[in-house]
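The lines below spell out each chain.
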Amino acid sequence: MGRIIALVNQKGGVGKTTTAVNLAAGLHKAGKRTLLCDFDPQANATSGLGVDKNEVGVSTYDIVIDGKSAAEAVIHTKYGDLLASGAALSGAGVELVGLERREYCLRDALEPLRNSYDYIFIDCPPSLELLTLNALCAADEILIPVQCEYYALEGLSDLMTTMRAVKRKLNPTLGIFGVLLTMYDGRTNFSAQVAEEVRRHFPGKVFAAVIPRNVRLSEAPSHGLPIFAYDRFSRGAAAYDALVQEILTKGA
């Protein structure tokens, strides 16, 4: 049975979508069956796998709001399967309010696909509203990218509070898959200090693999490619490959 992992951080610009795209693509490259569910109205994960968000037939909006079949919405790419997003999803938070079992719409949609994949990743919007709540209810675990910069831990207490509330009321088995340090600058003591602080807050949960600041990682999405296809010899590719190997080695 596949694992459903939501990538969550309400702060924007922490490398959440970059991680979702490259982790799904990297595990696919390693022979795993992966599905990336783009649940962010910005649809950056969709374009990051080379799919034009304006040409998507059935999107994640149609799945959760109109009850369309997720299996029929799956797009097969060279880098793994995708449930694409689009602009319509931006209004879904409001529309979900009036639905029965509104917190479970995404879970109900993804559950029939679980046995078809080893990993299902959900790329969440940078907020803690109803779309993200749906992802937390659908997921087995969360992966938290944390930027190695000032205020990195700001807001994480809100995320942990939300997670505890979800565990208590809606999804009692929700756990932490791991915390990933991103945008690490090895030239500064400050990045090392932030990394140490994050490890202190999340003992045993922080991945050994660290994602550096890397211009090639920033460029890859504009070409609709994961880093392994854009520049497999870059530091960014090496870092995500290390993360993939760590996950495979741990059997995580």
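Residues numbered from 1 in each chain as written. Predicted model: local features only at pLDDT ≥ 70, side-chain atom pairs only at ≥ 80, totals over all residues. Heavy atoms only, no water.

(A) Region of the structure containing the overall build of the chain. A count of helical and extended segments in the chain gives twelve helices and eight strands. Whereas a compact globule of 252 residues would reach a radius of gyration of roughly 18 Å, the chain reaches 17 Å, a difference of no more than 12%. Overall, the chain is about 50 × 40 × 30 Å in size when its C-alpha atoms are taken along their principal axes. In the chain, buried positions account for 55% of the 252 residues. Summarising the internal contacts of the chain: among those between residues at least 6 apart in sequence, 77% fall at separations of at least 24. Put simply, the chain shows about 11,200 Å² of open surface, and 50% of that area lies on carbon and sulfur atoms. Computing the positive centroid from 26 side-chain charges and the negative centroid from 28, the chain places the two 6 Å apart. (Helix = DSSP H or I, 4+ residues; strand = E, 2+ residues; numbered from the N terminus. Rg over C-alpha atoms; globule rule 2.2 N^0.38 Å. Buried < 20%, exposed > 50% of the residue type's maximum accessible area, 1.4 Å probe, protein only. Contact = heavy atoms within 4.5 Å. Areas by Shrake-Rupley, 256 points an atom, 1.4 Å probe, with all protein chains shown as cover. Lys, Arg positive; Asp, Glu negative; His and termini not counted. Charge placed at Lys NZ, Arg CZ, Asp CG, Glu CD.)

(B) Molecular detail of the side chain of Asp-123. Mapping Asp-123 onto the fold places it in strand β5 (residues 119–123). Residue class for Asp-123 comes out buried when judged on its relative accessible area of 0%. Polar side-chain contacts of Asp-123 include one of 2.8 Å to the side chain of Thr-17. Every residue in contact with Asp-123, bar those within four places of it in the chain, is listed here: Leu-7, Lys-16, Thr-17, Ala-20, Leu-36, Cys-37, Asp-38, Phe-39, Asp-40 and Ala-45. (Polar contact = N/O pair within 3.5 Å; in protein donor to acceptor, adjacent residues only side chain to side chain.)

(C) Broad picture of the pairing of strand β4 (residues 80–83). Summarising the sheet, strand β2 (residues 34–38) and β4 pair through three bridges and their orientation is parallel. Within β4, the position partnered with Leu-36 by the bridge is Leu-82. Inspection of the sheet shows strand β3 (residues 75–77) paired to β4 by three bridges, in the antiparallel sense. Its bridge partner lying in β4, Ile-75 is registered against Leu-82. Where β3 folds back on β4, the antiparallel hairpin that results is connected by two residues. (Pairing = 2+ DSSP bridges.)

(D) How the structure looks around the packing of helix α1 (residues 16–29) against helix α12 (residues 235–250). At a minimum axis separation of 9 Å, α1 and α12 run at an interaxial angle of 60°. Classified by the angle between their axes, α1 and α12 sit oblique to one another. At the point where α1 passes α12, the crossing takes the right-handed sense. Between α1 and α12, the contacting residues are Thr-18, Thr-19, Asn-22, Leu-23, Gly-26, Leu-27 and Lys-29 on the first element and Tyr-240, Asp-241, Leu-243, Val-244, Ile-247 and Leu-248 on the second. (Axes fitted to C-alpha atoms, helices over the stretch in contact; angles between N-to-C directions. Parallel < 35°, antiparallel > 145°, perpendicular 65-115°, else oblique. Left-handed = near helix turned anticlockwise from the far one by under 90°.)

(E) Molecular detail of the layout of surface pockets. Its volume calculated, the largest pocket comes out at about 500 Å³. Gly-15, Lys-16, Thr-17, Thr-18 and Met-183 are the residues nearest the centre of the largest pocket, which is lined by 30 residues in total. Elements supplying a minimum of two residues to the lining of the largest pocket: α1, α2 (44–48), β7 (175–184), β8 (206–212) and α10 (215–219). Looking at the lining of the largest pocket element by element, the count peaks at five residues for α1. (1 Å grid on protein atoms, 1.4 Å probe; cavity = no way out; pocket = protein on both sides within 12 Å on 5 of 7 lines; lining within 4 Å. Points joined across faces, edges and corners; volume = space filled by probe spheres on them.)

(F) Spotlight on the pattern of salt bridges. The tally for this structure, following the rule as stated, stands at 14 salt bridges. Linking Lys-16 and Asp-123 is a salt bridge whose minimum nitrogen-to-oxygen distance equals 3.1 Å. Of the two residues, Lys-16 sits in helix α1 while Asp-123 sits in strand β5, which places them 107 residues apart along the sequence. With its nearest N and O atoms 2.8 Å apart, the salt bridge here joins Arg-200 to Glu-197. (Salt bridge = Lys/Arg side-chain N within 4 Å of Asp/Glu carboxyl O.)

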